[in-house]
Each structure stands twice: as C-alpha cells, then as structure tokens.
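Fold and contact review
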Amino acid sequence: MTKKNIAIIVELIPIVSAVLSYLLTVSKYDSELIRNVISITFLLAFLGFVFFFVGRWLAKENKAVKILGVFDWLATVYVIAIYAIAIFNFGL
C-alpha cells in the first residue's frame, strides 16, 4: 500500500464514524452494545481534525486527501453541534 492509499483510508475513518453514529443515534434499536458503538464512533468523529493532519502529513498534495479533509472537519463540527444541541436542550 502506498502512503496515498493509507492517507485516504485514514481520512475516511471519521467520515464513516460520523454517519454511523448519526444512524445509530436515530435508530429505534437500543442496547448496551449499540450505546458503546455510538460512543466510540462519536469519539472517532470528534477526532476528525487529528485524522486531517495525519492524512495531510502522509499525502501532502493529493486532491482526494484535501477533499476528504474538509469532511473530516465537518465530522468534528457535527459532534460539537450535537453536544451543543444537547446542552441547550437539557440545560447545564
């Protein structure tokens, strides 16, 4: 595997985590396992900015990595927005 392929895979982790956490959060199923998966995917989505810097370090001027990096930042913003909505909804 080349550095470019590894960088693309690293960049996809927070994007997939954000989508998966959203789908599991709004699903009708609830169990301890699903709550643990939601927690892990939220953490990985929140660390999107870290994955952005790692992907940039591995594949510096790759266009796919640049585009996926924007989505990594959006995954981080998604998690912050969910927590902000929860704070406003339930209060401090």
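These numbers come from a predicted model, not from an experiment. Residue positions are given per chain, counted from 1 along the sequence in the order it is written. Two thresholds apply to this predicted model, a pLDDT of at least 70 for residue-level local features and 80 or more for giving and counting side-chain atom pairs, whereas whole-chain, interface and lining totals are computed over all residues. With hydrogens and water set aside, each side-chain value is computed from the structure's full complement of heavy atoms.

**A word on helix α4 (residues 63-90)**
- Only runs of H or I of at least four residues qualify as helices and only runs of E of at least two qualify as strands under DSSP, and these elements are numbered from the N terminus. Here the expected span of a helix is defined as 1.5 Å times the quantity of residues minus one. Its 28 residues place the ends of α4 41 Å apart at the C-alpha level, agreeing with the 40 Å of an ideal helix rising 1.5 Å per residue.
- Buried means the residue's accessible area, taken with a 1.4 Å probe over protein chains only, is under 20% of the maximum for its type, while exposed means over 50%, and partly exposed covers the values in between. Taken residue by residue, α4 has Val65, Leu68, Gly69, Asp72, Ala75, Thr76, Tyr78 and Val79 as its buried positions.
- Against the buried residues of α4 lie α1 (3-26), α2 (32-46) and α3 (48-58).
- Measuring from the side-chain oxygen of the N-cap residue of α4 to the backbone nitrogen of Ala64 gives 3.1 Å; that N-cap residue is Asn62. Contacts: residue pairs with any heavy atoms within 4.5 Å of one another. Two N or O atoms form a polar contact when they lie within 3.5 Å of each other; inside protein one atom must be a possible hydrogen donor and the other a possible acceptor, and for residues adjacent in sequence the pair counts only when both atoms belong to side chains.

**Quick word on the packing of aromatic side chains**
- Two rings from Phe, Tyr or Trp (for Trp, the six-membered ring) form a pair when their centres are within 6.5 Å of each other. A pair whose planes differ by under 30 degrees is stacked, one over 60 is edge-to-face, and the rest are tilted. This model, assessed by the stated rule, comprises seven aromatic pairs.
- On the basis of an interplanar angle of 90 degrees and a centroid distance of 6.1 Å, the ring pair of Phe53 and Trp73 is categorised as edge-to-face. With Phe53 in helix α3 and Trp73 in helix α4, the pair connects residues that are 20 residues apart, well separated along the chain.
- Here the aromatic residues Phe46, Phe49, Phe52, Phe53 and Trp73 are joined through ring pairs into a cluster of three or more.

**Considerations on the environment of Leu58**
- Along the chain, Leu58 turns up in helix α3.
- We classify Leu58 as buried; its relative accessible area is 19%.
- Measuring from C-alpha to C-alpha, the distance between Leu58 and Val10 comes to 9.6 Å, with 48 residues separating the pair along the chain.
- The residues contacting Leu58, other than those within four sequence positions of it, are Lys3, Ile6 and Ala7.

**Topic: the environment of Lys4**
- Within the element layout of this structure, Lys4 appears in helix α1.
- Classification of Lys4 as partly exposed rests on a relative accessible area of 43%.
- Counting along the chain gives 86 residues from Lys4 to Phe90, while the straight-line C-alpha distance between them is 43 Å.

**Let's talk about the confidence of the model for the protein**
- On average, residues of the protein carry a pLDDT of 92, and 99% of them reach 70 or more.
- α3 is the least confidently modelled element of the protein, averaging 91 in pLDDT, while α2 averages 94, the highest of any element. Within a predicted model, pLDDT stands for the predictor's per-residue confidence, ranging from 0 to 100.

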